[in-house]
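Here are the chains, one letter per residue:
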Amino acid sequence: MKKVLFYLGYLASFAVPLYFYYQSVGAYLDGYTASVLLGVSAFVLLCDQFILASKPGFAVKALGAKGLLALHRTAPAALVLIVAAHFTLKKAAGFGTTSLRALLGIAAFSILVILAAFAAVIMANTVLSRIGFLAAFKKHFTEHTGMTYKKARDLHNAFVLVAYLVLIHALLASTGDFGMNPIGVSWLIFWFVLSQGMYARYRLTGRGGAEKKAPKEGGTK
């Protein structure tokens with residue numbers, strides 16, 4: 001029951017802003033609207049990743065430590081696909097790639113792909129990290145760079161930069177006009193502040209004995 005309630009809450013974190021952003025573009029579904037909804041979904045999913053990374057007690061109780069970690073590890077693949085679809089539909093709708101808004105989005109996506117690939121191959125024990133040539137690459141990379149789990153985790157924290165780039169990108173969009181979409185924009189800002197606050201608190205006070213367990217969790221010695 002706790003797991004069901006957790007996933008309902010997880011989905012609700014998307015439903016609220018999606019509804020108001022859908023209304024803000026006229027409640028009419030076309031390629032442009034789909035691109036907006038995908039962008040909002042990517043924003044919320046990224047924020048949810050920080051919430052999961054903070055290992056809140058309610059999530060651990062609902063999913064278990066392994067279940068929470070599995071969800072956290074799976075989401076980046078979905079995030080990359082959603083952002084790619086968002087970018088493709090934006091281009092199809094006639095939006096350029098030279099505006100500040102677009103450049104921030106492209107920068108965020110580029111960093112996201114690099115960090116997601118790094119985490120999947122180098123940092124964590126995933127299916128990708130066990131594929132022959134990738135496993136060999138991981139071994140070579142860690143041996144020649146002195147990469148430890150702590151160093152990998154510190155590099156992984158660059159996702160915070162991605163989050164801020166995405167926030168500015170979203171606020172610069174026409175649908176980020178507070179006068180046109182006050183509830184939707186307010187929700188995204190609230191969810192961003194909540195997720196960053198939870199993650200910062202975890203980083204500062206919540207790790208406890210995690211350092212000693214890090215090699216087992218991350219797989220990087």
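Owing to the predicted nature of the structure, the values given are computational and were not obtained by experimental measurement.

Caption draft 1: Representation of unusual backbone geometry. Residues other than glycine seldom take positive phi values, yet alanine 27 does so here, at roughly 55 degrees. Residue class for alanine 27 comes out partly exposed when judged on its relative accessible area of 34%. The phi angle at lysine 55 is positive, at roughly 50 degrees, despite the residue not being glycine. Mapping lysine 55 onto the fold places it in the loop between helix 2 (31-53) and helix 3 (57-92).

Caption draft 2: Summary view of the packing of helix 1 (residues 2-24) against helix 3. At a closest axis distance of 8 Å, the pairing of helix 1 and helix 3 adopts a crossing angle of 75 degrees. As judged from the angle between their axes, helix 1 and helix 3 are roughly perpendicular. Mapping the contact onto sequence places Lys2, Lys3, Phe6, Tyr7 and Tyr10 in helix 1 and Phe58, Ala59, Lys61, Ala62, Leu63 and Leu71 in helix 3. Classifying every residue of the contact of helix 1 with helix 3 by side-chain character gives 8 nonpolar, no polar and 3 charged.

Caption draft 3: Geometry of the nonpolar core. Of all hydrophobic cores here, the largest spans 41 residues; its most connected members are Phe6, Phe43, Leu46 and Val162. Sorting the residues of this core by element identifies helix 1, helix 2, helix 3, helix 4 (100-123), helix 7 (159-172) and helix 8 (182-206) as the ones contributing at least two each. With residues near it in sequence (within four places) discarded, phenylalanine 6 still touches Leu52, Phe58, Ala59, Ala62, Leu63 and Leu71.

Caption draft 4: The side chain of glutamine 49, seen in detail. Looking at where glutamine 49 falls in the secondary structure, it is placed in helix 2. Here the side chain of glutamine 49 touches histidine 72 through a polar contact of 2.8 Å, landing on its backbone oxygen. Not counting residues up to four positions away in its chain, the partners in contact with glutamine 49 are Leu71, His72, Ala75 and Pro76.

Caption draft 5: Representation of the packing of aromatic side chains. According to the stated counting rule, one finds 12 aromatic pairs in the structure shown. Judged by centre distance (5.4 Å) and plane angle (15 degrees), the ring pair of tryptophan 187 and tryptophan 191 falls under stacked. Note that tryptophan 187 and tryptophan 191 are positioned in helix 8 at a spacing of 4 residues, about one turn of the helix. Residue tryptophan 191 is classed as buried on the basis of its relative accessible area, which comes to 14%. Ring centres of phenylalanine 190 and tryptophan 191 lie 6.0 Å apart, and the angle between their planes is 55 degrees; this geometry places the pair in the tilted category.

Caption draft 6: The arrangement of the packing of helix 1 against helix 2 in detail. Running from N to C, helix 1 and helix 2 cross one another at 145 degrees; their axes reach a closest spacing of 9 Å. Relative to helix 2, the crossing made by helix 1 is right-handed. Where helix 1 abuts helix 2, its residues Phe6, Tyr10, Ser13, Phe14, Pro17, Leu18, Tyr21 and Tyr22 lie against Thr33, Val36, Leu37, Val40, Ser41, Val44, Leu45, Asp48 and Leu52. For the contact of helix 1 with helix 2, the class distribution of residues is 13 nonpolar, 3 polar and 1 charged.

Caption draft 7: Representation of the side chain of serine 54. Residue placement: serine 54 occurs in the loop between helix 2 and helix 3. Reaching out from serine 54, the side chain makes a polar contact with the backbone oxygen of isoleucine 51 at a distance of 2.6 Å.

Procedures and definitions
Residues numbered from 1 in each chain as written. Predicted model: local features only at pLDDT ≥ 70, side-chain atom pairs only at ≥ 80, totals over all residues. Heavy atoms only, no water. Buried < 20%, exposed > 50% of the residue type's maximum accessible area, 1.4 Å probe, protein only. Helix = DSSP H or I, 4+ residues; strand = E, 2+ residues; numbered from the N terminus. Axes fitted to C-alpha atoms, helices over the stretch in contact; angles between N-to-C directions. Parallel < 35°, antiparallel > 145°, perpendicular 65-115°, else oblique. Contact = heavy atoms within 4.5 Å. Nonpolar A, V, L, I, M, F, W, Y, C, P; charged D, E, K, R; others polar. Core = buried A, V, L, I, M, F, W, Y, C linked by side-chain atoms within 4.5 Å. Polar contact = N/O pair within 3.5 Å; in protein donor to acceptor, adjacent residues only side chain to side chain. Phe/Tyr/Trp six-rings, centres within 6.5 Å; stacked < 30°, edge-to-face > 60°. Left-handed = near helix turned anticlockwise from the far one by under 90°.

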